[in-house]
Amino acid sequence: MAIDRRSIITNLYDINALKFGTFQLKSGELSKYYLDLRVIVSYPKILKQICSLVSITILQDDANSKNQVRLCGVPYTALPIATVVSIDTNLPMLIRRKEKKTYGTKKLIDGEYSCGDNVIVIEDIITSGDSILETVTDLEKSNLNISNVIVLVDRQQGGMQRLSERGLKIKSLFNITEIVTILKEAGKLSDEVYTSVLDYVKNNQIQPAKECEKSLRTKLEFKARAELLETSKIAQRIFKISLEKKSNLCVALDVDTADKLLDIAEKVAPHICILKTHIDAINGVTDATINNLQLLAKQYNFLIMEDRKMADIGNTVKLQYKKLVHWADIVTVHSVSGGMMLKGIQEVINENAESLDSRGVFIVAELSCNGNLISEQYIKETVKIAEEYKDIVAGLVCQSHDVISSPSLLQLTPGVNIKNSNDNLGQQYQSPSDIILTKGADIAVVGRGIYQDDNPAEAAKVYKESLWNTYLERVSNS
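Residues numbered from 1 in each chain as written. Predicted model: local features only at pLDDT ≥ 70, side-chain atom pairs only at ≥ 80, totals over all residues. Heavy atoms only, no water.

Q: Would you explain the overall build of the protein chain in this entry?
A: When helices and strands are tallied, the protein chain shows 19 helices and 16 strands. Its C-alpha atoms give the protein chain principal-axis dimensions of about 85 × 45 × 40 Å. Relative to its full complement of 478 residues, the protein chain shows a buried share of 53%. In the protein chain, once contacts between residues fewer than 6 apart in sequence are set aside, the share between residues at least 24 apart is 69%. If you sum the accessible surface of the protein chain, you get close to 21,900 Å²; carbon and sulfur atoms cover 49% of it. Of the charged side chains in the protein chain, 57 are positive and 60 negative, and the gap between their average positions amounts to 2 Å. (Helix = DSSP H or I, 4+ residues; strand = E, 2+ residues; numbered from the N terminus. Buried < 20%, exposed > 50% of the residue type's maximum accessible area, 1.4 Å probe, protein only. Contact = heavy atoms within 4.5 Å. Areas by Shrake-Rupley, 256 points an atom, 1.4 Å probe, with all protein chains shown as cover. Lys, Arg positive; Asp, Glu negative; His and termini not counted. Charge placed at Lys NZ, Arg CZ, Asp CG, Glu CD.)

Q: Looking at this structure, how should I read the side chain of Thr231?
A: Here Thr231 is to be found in the loop between helix H10 (222-226) and helix H11 (233-245). Its relative accessible area of 6% is what places Thr231 among the buried residues. Setting aside residues up to four positions removed in sequence, Thr231 forms contacts with Arg225, Ala226, Gln236, Phe239 and Ser408.

Q: How do you make sense of the sheet that holds strand S11 (residues 303-310) when you look at a structure like this?
A: The pairing of strands in a sheet happens through backbone hydrogen bonds and is either parallel or antiparallel. Strand order in the closed barrel formed by 8 strands is S9-S10-S11-S12-S13-S14-S15-S16, with parallel pairing between adjacent strands. Strand-to-strand twist in this sheet, taken as the mean axis angle between neighbours without regard to direction, amounts to 30°. Where strand S10 (residues 274-277) and S11 come together, 4 bridges link them in parallel fashion. Pairing of Thr277 across the sheet is with Glu306, part of S11. The strands touched by helix H16 (residues 376-388) are strand S12 (330-334), strand S13 (360-364) and strand S14 (393-397); relative to S13, the strand with the most contacts, the crossing angle is about 165°. (Pairing = 2+ DSSP bridges. Axes fitted to C-alpha atoms, helices over the stretch in contact; angles between N-to-C directions.)

Q: What is the right way to look at the pairing of strand S8 (residues 170-175) in this model?
A: One face of the sheet, then the other: side chains in a regular strand alternate in exactly this way. As judged from the 5 bridges shared by strand S7 (residues 145-154) and S8, these two strands associate in the parallel manner. By the bridge assignment, Val149 is partnered in S8 with Ile170. In this fold, the crossover linking S7 to S8 by way of helix H6 (residues 159-165) has right-handed handedness. (Right-handed = clockwise from strand over helix to strand, strands pointing away.)

Below, the structure is given as C-alpha cells:
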C-alpha cells in the first residue's frame, strides 16, 4: 500500500501537531517550532497513516523479515504508535516502565521475552536522543538486543549522529527540513518562517562532548588507557598482563575442593589475566593451597582476585582484608557501607606497600542475577566512591556500558557462557559479543562454561580468543 508522505505532514499541520512561532522547550531553550505528536491519538485516521508508514519500514528490512523481533515504544507518546504497529505487523510488543515496580515481580520491562531477543525501539521525535538511550539502556539491562531504532521526526540537531556513534542502527521517517519544505510548497508556511526554522536548526546543534567522554573508555585501546595519569597501579597491572597475554578473560573457579581449584587453575592459567576465587567456599584449603596458587600466578602471569564482596564498616573490613592482602591481588567489595570501608582497605595496602606488589579492589556496581535490589541511585553513588579512591580501585563490576565514563577504570562483567543462556537460580548468561560490544566490558568473567567443561584448558583457549578478538573489533571500529 502506497503511503502519501506529503499528506501525513499536511494533516499533522492541520490538527496543530506541528506549530511554528517561539516556544520554550523542556530544556529551557527557545525554539522556532514545536512538535506535539501526542494529539494524534485523537485522530485515528492520521494515527493509522503514520503507523502504516512505520510498519512498512519495519517489514522492508530483510533482517526483520527473517528473525522474530519485538517492538518497544519509548514512553509515553510512542506507546500507542508501537501498539498499532504491533497489530499491523503481528510483531509482539514490550513496554518499558519509566519507574521500576516496587511490588510483585518488580519488573522494568513488561511482556514476554527471552535473553538475547531483538527489539526495535520506536520514538516520535529525536533531539538529543536522551529518551531513546534511557529506553535502550533498560532493555539492554534486561539482556535484550536493540536491532533497530525508528523515529518519526528528526529535529536534525545531532541526536541521530549521537545514537549512531553509540552503535545503534537508527532511521527517521521525516526530518524537520523535509517537513518545512513540504509545508512551504503546500502554501502553509511563509518564506520567513521557513528560513527562521532552518536557521534555528543550523545554530542549535547538540554538543556531543559528554557522550564522547562516556564512550571514550570503550574506544581507547588498553595500552593508551594504561598510560593515563589517574590509572591505579592495580589497573595498570591488569592492562599490562592483558596486553602481554592477549587475554581479557577472567576465569571464576567456583569449585568445591582445593584439589579441583589447583588442578583447573593450572589448566586454564596460560589463557587468563585474572583468576577469580571464593576461597571461603572451598573445602580443604590450607596455606599450601594458597602458596601453590601464588606460584601458578607467578609462573603463568595472572592475578588472583578473591571475590569476597566485603560490605561492612571500615574497621571490620580492614580486619578482614588483613587476612587477604598477602595473597589476593584484588578483592571485590560492595559500596553499601560507603567510602570509609575503602579507606580501611587503603590503609592496609599502604601499610604493606614496601613488601607487596600493587593491590586493589573491584567495586560491585551491578549484579548479573535476576531480582537483585541494586537501584540507579546506588550505582551512581558507587561510581562516585570509585572516583574518590582511584589509587586502589581497578574498576567496577557492572553490566552496562554507560556506568563507567573514565577510561582509567576497568569494567569487569560476569555472566559469559557460549552454550547456555541461564541457570535455575537466576543467573543470566551472555555471549562474548554481548559482553564486550553491547555491555562495554573490558574484562569478562567465565565460570561454569570453562570449569565444568570436559576440557577446561581448551575451553579457556576458545573463550580467550573469542573475547580478545571481540575487544580488538571494538577498538578497531573506533
